[in-house]
Amino acid sequence: CTCPPQWSGHDCSLPVCHQGYFLPNPSLKLNAHYTKQTFWQEIKACNVSDWCAETDTFDCLQSDRLFQSLRIPYGAGNRAKTGKKDPQERCFFMELGQDVISPYPYVVATDQSLTPYHRYTP
């Protein structure tokens, strides 16, 4: 769900430019990468504005990028996919494996506090 630091795009197939000039997508320039899909659903940290202020990531600097909340499908017809039996609030807990790279805060088991925001799992 989250691309490694050197890749971007909905399927992590677009390289991140570390020097030189960024090109719009799509671009007619020579050797420009192209992806037709301009919208995809992605799970972000619960409070995107706080996450952006804390991490100052490239995603947050894109003025044309919109972050919109979506309802998580729930109930009998969706439970096999989402695991959700009941409607969810805007923010929800999800279980991740120990080897997952994610930008999400974690709940500390000992006192139920949240870890700070970060770009990738520390």
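Above: the structure in question.
Now for a description of the structure that goes with this document. (Residues numbered from 1 in each chain as written. Predicted model: local features only at pLDDT ≥ 70, side-chain atom pairs only at ≥ 80, totals over all residues. Heavy atoms only, no water.)

**Considering a nonpolar patch on the surface**
Turning to step 1, where the next piece is worked out: A cluster of nonpolar residues, Ile 43, Met 94 and Leu 96, forms a patch on the protein surface that exposes about 220 Å² of accessible area.
Turning to step 2, where the next piece is worked out: As for its placement among the helices and strands, Met 94 is situated in the segment after helix H3 (79-82).
Turning to step 3, where the next piece is worked out: For Met 94, a relative accessible area of 35% puts it in the partly exposed group. (Patch = residues over 30% accessible without salt bridge, like charges linked within 9 Å, V, L, I, M, F, W, Y side chains within 5 Å. Areas by Shrake-Rupley, 256 points an atom, 1.4 Å probe, with all protein chains shown as cover. Salt bridge = Lys/Arg side-chain N within 4 Å of Asp/Glu carboxyl O. Helix = DSSP H or I, 4+ residues; strand = E, 2+ residues; numbered from the N terminus. Buried < 20%, exposed > 50% of the residue type's maximum accessible area, 1.4 Å probe, protein only.)

**A look at unusual backbone geometry**
Excluding glycine, residues mostly have negative phi values, and the peptide bonds linking residues are mostly trans.
Turning to step 1, where the next piece is worked out: Of note in this structure, Gln 112 is not a glycine but carries a positive phi near 65 degrees.
Turning to step 2, where the next piece is worked out: Its location among the elements puts Gln 112 in the segment after H3.
Turning to step 3, where the next piece is worked out: Residue class for Gln 112 comes out exposed when judged on its relative accessible area of 58%.

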